[in-house]
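These are the residues of each chain, in order.
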Amino acid sequence: MAAALFSALGKAFPFERKRNKRRGLGDPMHLPPNLRPVDPCFAAEWASGSLTLAGHTVDTAGCPQVLLTHRNAPEAWYDALHSFAWLAGVPMSGDDAVAVAARERCRDFVAVWLDTVPDKLSEPVTRTARRMLSFLANADLVLEAASEQLFDQFCARIECDVRTLQQGWARCPEGDASRILATVAVATAALAVEHGKELLAVAQSRLLTELTLQVLPDGGHVSRDPAIAADLLADLIPLSQLYVVNDLTPPAELSAAIRALSAFVAAFRLGDGSPSALTTHPSRAIDRMRAALDLVPPLPVVEDGSAGLVRIASGATILLVDTGANEVSPSALAFELSDGRYPLIVSSGVGPAVAPVGRFATLCVDQAWTRTTSPPSDLLSARHGSTYQSIGHGDHLLDATHAGFARHGFAHRRVLELSADGKRLAGRDTLRPLAGEAEKSAVAVSLHFPLHPDVRVERGETASSKHLVLSDGTIWQLTANKGRLSVEDNVVIMSGRSTRAWQIVLRASWPMTDAFEWTLERIEASMIV
């Protein structure tokens, strides 16, 4: 898989400008490619005198220097400005007026920034690391026809940021993505600059240690955030290419991490090619995973691994289930389902317009209820887990449990069975009593099925069923045997925007109702009476 990724991405390429020898790390020699998506409108806006970052626009009035004195912007804007990831949106070639103006403004601002900003900055490690990676990837853009002074300042900034990251990476929390990003940035610098051989030995050792600690065997990150896995993939592939252009063999641990991360990111692909919103903010996931998803093939089955994701592809149907969320996560045992290129059951995501309950296709409890006696922690851990198996004539069976409702006296067990042709998904959600004091009063529970905004809901054949019509006319029927079935308003975050949608909700009370049985089945239009 690694070879296919490299051929799809192109190669790291040499930096052509030659200078007299200088001390320290020397000049940039090899430029790592940028694998992150680029806003096609950025160059025109920047050339016209405005800069939009993190949703905040600043009019420079033809003087980019005002960006350094701008106030009242959100912190994300300052982070984006000083990390310089936006350099990737400035075209390196092209003689049209927009391209030429964008390059000139870019070089003017970088020159002012290098001349104004002090060497020692009080900033997050992630910002320092991202800036250094951006500077290295876009050195040709910034330094083309640059003066000796600007060239020296640019190289000195690289050296300064290397020292900052060498000192600061260990202060990052263990298991935090900022820690591994710092080691990736230093290792990239060591392979990109002229005199980085000695720096590489230490940087590589630290990087491989962090890869071992933070990348799980199935390719997930310890945070369970797939967007972080995609970020790592976008940083590690260029790093691996830099080994090759330096006539070095990439460490086996690095190649193994790239393969594992690729498989994990691919597992989050839905039928329409978009990333799932399970376990992460969907707008972040889409922005940071789209390029990585385009590079890796989809996988038929990913058994429950270290990060707790199950992906089953059967026929035209893709089923994603989050079996690894901790007990307090709202996505515990949630699933998403798509039919061909058309998503059906989705995750609502996170946003101010999204209700806190029912964001995911899983069981929820009325938050007003509390429980005074909780079972011991060893009982909770013993009841958390999942198993996957292929049964019968190619059918898929997933059995998973979590004890997130321990304060109410029960655990949630979900059994999902997907047919071999992908046309029928049968579910059974059981509220299993835990040991300890019995619940003294009823607990209101609800089972949610958030629908994609393009899905239309129609009346089913019975009061306990609904027809879900995809945009291509395909009909799925949701049928439940217990609970009060209703169609309710919902909001889904799509490409960072709040979009109106529907959700199907089953409501009941525990312990009077201790199980829901339901089916999602694709039906032919001719079968509808």
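Everything below is about the structure printed above this text.
Residues numbered from 1 in each chain as written. Predicted model: local features only at pLDDT ≥ 70, side-chain atom pairs only at ≥ 80, totals over all residues. Heavy atoms only, no water.

**Q** Just to check I follow, could you spell out the packing of aromatic side chains for this structure?
**A** Where two aromatic rings form a pair, the distance of their centres and the angle of their planes describe that pair. Scanning all chains against the criterion turns up 14 aromatic pairs. Plain terms: the ring middles of tryptophan 46 and tryptophan 86 are 5.2 Å apart, the flat faces sit at 50° to each other, and that makes the pair tilted. Residue tryptophan 46 is located in helix α2 (residues 42-48), and its partner tryptophan 86 is located in the loop between α3 (75-83) and α4 (97-116); the two are separated by 40 residues in the primary sequence. An identical accessibility class is assigned to tryptophan 46 and tryptophan 86; each is buried. Judged by centre distance (5.7 Å) and plane angle (10°), the ring pair of phenylalanine 335 and tryptophan 518 falls under stacked. In this pair, phenylalanine 335 sits in strand β8 (residues 335-339) while tryptophan 518 sits in strand β21 (residues 515-523), placing the two residues 183 residues apart along the sequence. With relative accessibility at 0%, the residue phenylalanine 335 sits in the buried group. The buried category is assigned to tryptophan 518, whose relative accessible area is 2%. Taken together through their ring pairs, the aromatic side chains of Phe42, Trp46, Phe84, Trp86, Phe109, Trp113, Phe135 and Phe154 make up a single cluster. (Phe/Tyr/Trp six-rings, centres within 6.5 Å; stacked < 30°, edge-to-face > 60°. Helix = DSSP H or I, 4+ residues; strand = E, 2+ residues; numbered from the N terminus. Buried < 20%, exposed > 50% of the residue type's maximum accessible area, 1.4 Å probe, protein only.)

**Q** I would appreciate a short explanation of the environment of tyrosine 243 in the present structure.
**A** In this structure, tyrosine 243 sits in helix α10 (residues 226-245). With a relative accessible area of 1%, tyrosine 243 lands in the buried category. Not counting chain neighbours up to four residues away, the residues in contact with tyrosine 243 comprise Leu191, Leu200, Gln204, Leu248, Thr249, Pro250, Pro251 and Leu254. (Contact = heavy atoms within 4.5 Å.)

**Q** Explanation requested: the nonpolar core in the structure shown.
**A** When a protein is soluble and globular, its nonpolar side chains tend to lie buried together. Ranked by internal contacts, the top residues of the largest apolar core, which has 89 residues, are Trp46, Trp86, Leu87, Leu211 and Leu236. Per element, the largest residue contribution to this core is 11 residues, and it comes from helix α8 (residues 177-192). Other than its neighbours up to four places away in sequence, leucine 236 contacts Val184, Leu207, Leu211, Leu254, Ala257, Ile258 and Leu261. In terms of nonpolar packing, the next biggest core, distinct from the first, is built from 38 residues, Tyr388, Leu431, Phe449 and Trp476 among them. (Core = buried A, V, L, I, M, F, W, Y, C linked by side-chain atoms within 4.5 Å.)

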